[in-house]
Amino acid sequence: MDLVQIAKALVLAVVEGATEFIPVSSTGHQLLIGHFIGFHSPNNTFEVLIQLGAILAILFVYFGRLWSIATALPNDPRARRFVLAILIAFLPAAIVGGLFSKYIKFYLFNPWIVCATLVAGGLVLLVIDDTVGEPKAATNSGSGDGPTEHPRKTDVFDFSLPMALKIGLFQCVAMIPGVSRSGATIVGAMLMGASKRSATEFSFYLAMPTMAGAFAKDLLDNYKNLSSNDALLIVIGFVAAFISALIVVRTVLDYVSRHGFWLFAWWRIIVGSLGFAGLILFG
C-alpha cells in the first residue's frame, strides 16, 4: 500500500468524522472528495465502515447519559418512552435501507446528485433556521390579546411517539446522498416543534442505532471482499474518524444553540456549487 492511498484515506476519514453529526452530509462530502481525488472502494465499503469510528465517538461522549437512561428504565416511564421513541424513529430507515440500499447506491450515488442535494438542502436549512423560532414562553389564553404561543420542545425526553415516527420518516429522505441524515432529522424535528438544540441532540441519539445498523449491514454484505490492505485502510480511517467526530460532538450543541444552522447551510451551498463547477470543468 502506498502513502498516497493512506493520505487519501485519512482525508476521507477526517471528513467523515467532522461532518457525520452536522447537517452537511458526510456521505455527500465523501463521494465528492473521493471522485476528485480518485479514491474508490467497492460498494463504498470503506466510507461506510469507517463510520464505526464516529459511532464510538458519540458513544464515548454520551456514555454517562446512556448509562443513566439504561439504569432508569425499570422505574422511569419517561426513560422507557424516550427509548421507545428512538426505536420508532429508527424503524423507517431500517426498513427502507434493508429493502432498497443496493438500489440506492447503484442509482443515486452520483456526484451530480450530491451537488444538487447539497445546494437544495442548504437552501432548506436557511429557510428553516430563519423561520422556525426558538422556545417562547406561552402566553395566557382567553385574554383577548391574540392566540396562545406554545413553547417549543427543549427536552428530547418530551418528544412524543408520533413525533418520533415523523422524524424517522424524514430520516429516510437522507438515503439520497447529499441530503444529510442529521440535516433531515433536525429539519423534521424542528418542523414538529423542537428547538434547535433539542432537534440536534435527538439526531445524535438517533444516529447511534442508524449508523450501527448501516455499519453492520455493509460489513455483512462485503466482509468476504475485504483484503488485508482494505483492513489497514479501514483501521487508519477508523482512528481518524473517531478523533474528528469526538471534537465535533463535544462542541456542536453549544454552537447550534448560540448561532443556529446558517453556517452549515452556506457551507452546503458553497460546496455544492464548487462541486458543480468541478464536474463541469474536470468531469
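Residues numbered from 1 in each chain as written. Predicted model: local features only at pLDDT ≥ 70, side-chain atom pairs only at ≥ 80, totals over all residues. Heavy atoms only, no water.

Draft legend 1. Fine view of the overall build of the chain. A count of helical and extended segments in the chain gives 12 helices and zero strands. Along the chain direction, N to C, the helices and strands of the chain fall in the order α-α-α-α-α-α-α-α-α-α-α-α. In terms of C-alpha radius of gyration, the chain reaches 20 Å, essentially the compact-globule figure of 19 Å for 283 residues. Dimensions of the chain along its principal axes, counting C-alpha atoms only, are 70 × 50 × 35 Å. Looking at the 283 residues of the chain, the share that counts as buried comes to 46%. Restricting to contacts in the chain with at least 6 residues of sequence separation, those with at least 24 account for 80%. For the chain, the accessible surface area stands at approximately 13800 Å², while carbon and sulfur atoms represent 69% of it. Side chains of the chain give 19 positive and 17 negative charges; the mean places of these two sets differ by 4 Å. (Helix = DSSP H or I, 4+ residues; strand = E, 2+ residues; numbered from the N terminus. Rg over C-alpha atoms; globule rule 2.2 N^0.38 Å. Buried < 20%, exposed > 50% of the residue type's maximum accessible area, 1.4 Å probe, protein only. Contact = heavy atoms within 4.5 Å. Areas by Shrake-Rupley, 256 points an atom, 1.4 Å probe, with all protein chains shown as cover. Lys, Arg positive; Asp, Glu negative; His and termini not counted. Charge placed at Lys NZ, Arg CZ, Asp CG, Glu CD.)

Draft legend 2. Up close: the layout of surface pockets. Estimates place the volume of the largest pocket at around 920 Å³. Lining the largest pocket are 39 residues, and of these Val48, Ser101, Lys105, Met175 and Ala214 sit closest to its centre. Contributing elements (two or more residues each) for the lining of the largest pocket: helix H2 (26-37), helix H3 (45-49), helix H6 (77-108), helix H9 (181-191) and helix H10 (196-222). Top element by residues in the lining of the largest pocket is H6. It accounts for nine residues. Classifying every residue of the lining of the largest pocket by side-chain character gives 13 nonpolar, 18 polar and eight charged. (1 Å grid on protein atoms, 1.4 Å probe; cavity = no way out; pocket = protein on both sides within 12 Å on 5 of 7 lines; lining within 4 Å. Points joined across faces, edges and corners; volume = space filled by probe spheres on them. Nonpolar A, V, L, I, M, F, W, Y, C, P; charged D, E, K, R; others polar.)

Draft legend 3. Focus on the pattern of salt bridges. Overall, the coordinates contain seven salt bridges when judged by the stated rule. Here Glu20 and Arg181 are joined by a salt bridge, their closest N and O atoms 4.0 Å apart. Of this pair, Glu20 sits in the loop between helix H1 (3-19) and H2 while Arg181 is found in helix H9, placing the two residues 161 residues apart along the sequence. Relative accessible area serves as the criterion here: at 6%, Glu20 is assigned to the buried category. Relative accessible area serves as the criterion here: at 12%, Arg181 is assigned to the buried category. (Salt bridge = Lys/Arg side-chain N within 4 Å of Asp/Glu carboxyl O.)

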